[in-house]
Amino acid sequence: SAETTNACIMSLVSRIKSITLAVPPGETAYETTATSAMDCLCAILTEFGSILAAEATAENVVWPLLLPILESNTSGDTCTARSDGDLRGHVHVLKASIPSTLDCFSALLRHKQHSSAILAPLILDISNNGEERQVDNPLRFRLLASLQGLMLHENEDQIILHSCDCLCIALGSIHFLDRSSKVGGKELYRKESTVININIQALTRRIRTLLERGSVLEGDPKTVRWHALKLLASLARTYPRGTAAQWALFLEEDSTAYDLLSSPASTVLLSPSRSACSQLVSFIRGDGGGSGIISERERVATIGAIKALLSAMPLKLWFGMNSRRGTRQTFTGPSSLSNRVSKALQSIFMALHGIVRSPNQVSDEFVVEACSLIETIILTEPFDVDDALALILTDVLAELSNGLAIGLSSSSVTAGGGGCNVAHIAIVKALAKGIGGTITPKGLLIQLSKPAKYWLDRNESHDFLSEVFALVSRDDRPTRIDTSLEGEVCNLIMRILRMSPGVSNGSIWTPDYFSESVQNLLINKDSTRRLLGLQLIRHFIQGRNDFCADRSSYVCDSFCPYLLCALGDSNAAVRASSAACYGFLLRSDWERLFRLRPSSEQDSHFQQLLRLCINGESSETTSVGEPAASVRSEACKAIGNLCTECVGLRDSS
């Protein structure tokens, strides 16, 4: 129970304090006892932290015990505490308990109620308008100050590892608290906390130093370098502005770093030693230089750190500077901000390209993280203004698609081959992200990215698309891929049809092949296959409307007869999807359909669509009307779009 756990914790806290105050200098046996008690406290907090009251735990454990232990080695006499003056004087005992104390903080911060009590701002009052009057949490300030002091001044690997882990968890909690706070049932997103309790510049330089260390503690497979990379990613997510200002420490290729927005004449030399940027690129390749071989875990962490750092950088603003009128001359030339960042991106993607060319030499986890990096950056500004950079990423996409094509033919990704490869799903998602085709919350269509456009223009991409299209459209295909992977492949094909319908004019994926495959889907006995065929038609028509509206004869002759049959399908979802397709037809399509002069109402697209607008449940006859509300809704919208398209058309009657 919570009462028993609280009693046990209070007993341990009293025991630890009594041992600490009674130990004379040099008594290592008592130091071991105090450390063991701290380990026991950490185990209790880890197991039962969810049932403990947050305010009581902060008052009884954090204030009198945990904070003084951390501050004993970092703050000296500069920080006043509550009821911990005597405890802080026994530094020789407290320092041995720092790793266990950091684990206790990590255990508490993993629970939302405790992380809020320690890190969230304090609410003093609420106005009549519902606005909160907040002040900074002193626990947050003291904890971050202590962790920063340990990171900057400690050299023991054990303390550094535990400090990195605890600071990562704390930053993750701060990111969550600062980014989402519910007021009045609404979720408010804040750009960034205005109060930064740590020295980002000093901490990022310390991280750069730690990246050179490859030491490993006994029993822990994670190195100091791995923890430093995870800390860099957490810092970039929590304080993006401050961390982005230090991008040159990690992403510059040479040994010089520049002031963020300075002119080329004010270049500042940071250090004669090799910078961490070239080190990060070498980490991707698996070469640690003088610090040893880079493990696969560290390579994955490197990709994650680069992704977080690039996400924090305002790339759209930086790359838009060169295109603005009246821009200062300091932002042009080979040393401009955009060119420097572009060179850094080129080195990163060239390293990725060299690795994905040999898929057997990398793990699935690395491929997933690399694809996540591509998803994050492929739609950003750099590729729109830098063709060379776009071509490099195009080569990466081509290598990934080649690896996917090889993997799809293996039995490990078939329906009976033991599950789906997560790397293949990640590759398909990265390709689909570059295609665009989705609607933003503001109602804007995400356009086709330049790397994806270059990729679609290549002949080998047509071969790849033909192969994956056959896997999802043909019932006589030799292998059946996993359901989750099949769904992602279908999403990729639909996005391509939406944003680049002309790709079906390729040497392999021809219009006749596409229409024949879709027609076979529409006459399939399985309703899910018929739905897939209708979805492919809808995305193709949408893409045709935006990019090549002169293909009315192809749409009407190849698909409309099957759409008419689908209006009478026994499945309501199929009827609704077919009616939705009619809603995207253009004026030229309807003009062609009206000129067909059907022999009966059953052959009239307009009459059959109009019939679906009537409520079948209230109709006097059972042969007229549509009982499904979803079908009636789509049919009514299609009729409305028809009227909009055909206003003034002579044959519309």
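Residues numbered from 1 in each chain as written. Predicted model: local features only at pLDDT ≥ 70, side-chain atom pairs only at ≥ 80, totals over all residues. Heavy atoms only, no water.

Some thoughts on the confidence of the model for the protein chain
The criterion, for reference: Confidence of the predictor at the level of single residues is given by pLDDT, which spans 0 to 100. The helix and strand labels rest on DSSP assignments: H or I over at least four residues marks a helix, E over at least two residues marks a strand, and numbering proceeds from the N terminus. Here a residue-residue contact requires only that any non-hydrogen atoms of the pair lie within 4.5 Å.
Looking at the protein chain, pLDDT values average 81 and 78% of them are 70 or higher. Of all helices and strands in the protein chain, the one with the weakest mean pLDDT is strand β4 (residues 186-188) (42), whereas helix α28 (residues 572-582) scores best (96). Segment residues 76-85 is flagged for pLDDT under 50; beyond a separation of four residues in sequence, or across chains, it makes 18 contacts in the model. Between residues 255-277, whose pLDDT stays under 50, and residues either more than four places distant or in other chains, the model counts 46 contacts.

Description of the packing of α28 against helix α31 (residues 629-645)
The condition is simple: All axes are obtained by fitting lines to C-alpha atoms, using only the stretch in contact for helices, and the reported angles, taken between N-to-C directions, cover 0 to 180 degrees. When describing relative orientation, an angle under 35 degrees is termed roughly parallel and one over 145 degrees roughly antiparallel, while 65 to 115 degrees is termed roughly perpendicular and anything else oblique. By the convention adopted, Pro, Cys, Tyr, Trp, Phe, Met, Ile, Leu, Val and Ala count as nonpolar, Lys, Arg, Asp and Glu as charged, and the other residues, Gly among them, as polar.
The N-to-C vectors of α28 and α31 enclose an angle of 10 degrees; their axes lie 8 Å apart at closest approach. One finds that α28 runs roughly parallel with respect to α31. On α31, the residues that touch Ala 572, Arg 575, Ala 576, Ala 579, Ala 580 and Tyr 582 of α28 are Ser 630, Val 631, Glu 634, Ala 635 and Ala 638. Looking at the contact of α28 with α31 residue by residue, the class counts come to eight nonpolar, one polar and two charged.

Thoughts on the pattern of salt bridges
Two side chains with opposite charge may pair up if their charged atoms get near one another. Cut-off, in case you're wondering: Throughout this description, the term salt bridge denotes a Lys or Arg side-chain nitrogen within 4 Å of a carboxyl oxygen of Asp or Glu. Throughout, exposure labels follow a simple rule: accessible area from a 1.4 Å probe, protein chains only, divided by the maximum for the residue type, with under 20% read as buried, over 50% as exposed, and the rest as partly exposed.
In total, this model carries 17 salt bridges according to the counting rule given. In this structure, Glu 71 engages Arg 142 in a salt bridge whose closest nitrogen and oxygen atoms are separated by 2.7 Å. Taken together, the positions of Glu 71 in helix α3 (residues 54-71) and Arg 142 in helix α7 (residues 138-153) put the pair 71 residues apart, joining distant regions of the chain. Considered together, Glu 71 and Arg 142 belong to a single accessibility category, that of buried residues. Salt-bridge contacts for Arg 595 lead to Glu 591; the nearest nitrogen and oxygen are separated by 2.5 Å. Residue class for Arg 595 comes out exposed when judged on its relative accessible area of 54%. Using a relative accessible area of 22% as the deciding quantity, one classes Glu 591 as partly exposed.

Some points on the side chain of Arg 575
Applied cut-off: Pairs of N or O atoms within 3.5 Å make up the polar contacts considered here, provided that, within protein, one atom can donate a hydrogen while the other can accept it, and that residues adjacent in sequence are counted only when both atoms are side-chain atoms.
Topologically, Arg 575 is positioned in helix α28. On the accessibility criterion, Arg 575 (11% relative accessible area) is buried. Within the structure, the side chain of Arg 575 is placed 3.4 Å from the backbone oxygen of Ser 570, a separation counted as a polar contact. If we skip the residues at most four places from it in the chain, Arg 575 touches Ala 566, Leu 567, Gly 568, Asp 569, Ser 570, Glu 626, Ala 628 and Val 631.

Considerations on the nonpolar core
What counts is decided by this rule: Nonpolar core, defined: a set of buried Ala, Val, Leu, Ile, Met, Phe, Trp, Tyr and Cys residues in which side-chain atoms within 4.5 Å join the residues together.
With 185 residues, the main nonpolar core has Met 313 and Phe 349 as its most contacted residues. At twelve residues, the largest contribution of residues to this core is made by helix α8 (residues 157-179). Residues contacting Phe 349, with those up to four places away along its chain left out, are Ile 374, Ile 377, Phe 383, Ile 392, Leu 393 and Val 396.

Quick word on the pairing of strand β1 (residues 122-126)
Going by this rule: Paired strands, as defined in this entry, are two strands with at least two bridges between them according to DSSP.
Sheet analysis places β1 next to strand β2 (residues 132-135), joined by four bridges and oriented antiparallel. In the sheet register, Ile 123 faces β2, and the bridge partner there is Gln 134. Remark: five residues form the turn of the hairpin made by β1 and β2, two consecutive strands paired antiparallel; Gly 130 in that turn has positive phi of roughly 85 degrees.

Some details on the environment of Leu 532
Within the element layout of this structure, Leu 532 appears in helix α25 (residues 527-547). With a relative accessible area of 9%, Leu 532 lands in the buried category. Linking Leu 532 and Val 472, residues 60 residues apart in sequence, is a C-alpha distance of 9.2 Å. When near neighbours in sequence (up to four residues on either side) are disregarded, Leu 532 contacts Val 472, Cys 490, Met 494 and Leu 521.

Some words on the side chain of Thr 35
Secondary-structure assignment places Thr 35 in helix α2 (residues 28-48). Beyond its immediate stretch of four places on either side in the chain, Thr 35 contacts Ala 96, Ser 97 and Ser 100.

Observations regarding a nonpolar patch on the surface
Where we set the bar: Residues enter patches when their relative accessible area tops 30% and they take part in no salt bridge; the joining distance is 9 Å for like charges and 5 Å for the nonpolar side chains Val, Leu, Ile, Met, Phe, Trp and Tyr. All accessibility values rest on the Shrake-Rupley procedure with a 1.4 Å probe; residue burial counts only the protein chains present in the view.
On the surface, Leu 122, Leu 124 and Val 135 cluster together into a nonpolar patch covering about 230 Å² of accessible area. By the secondary structure assignment, Leu 124 is in strand β1.

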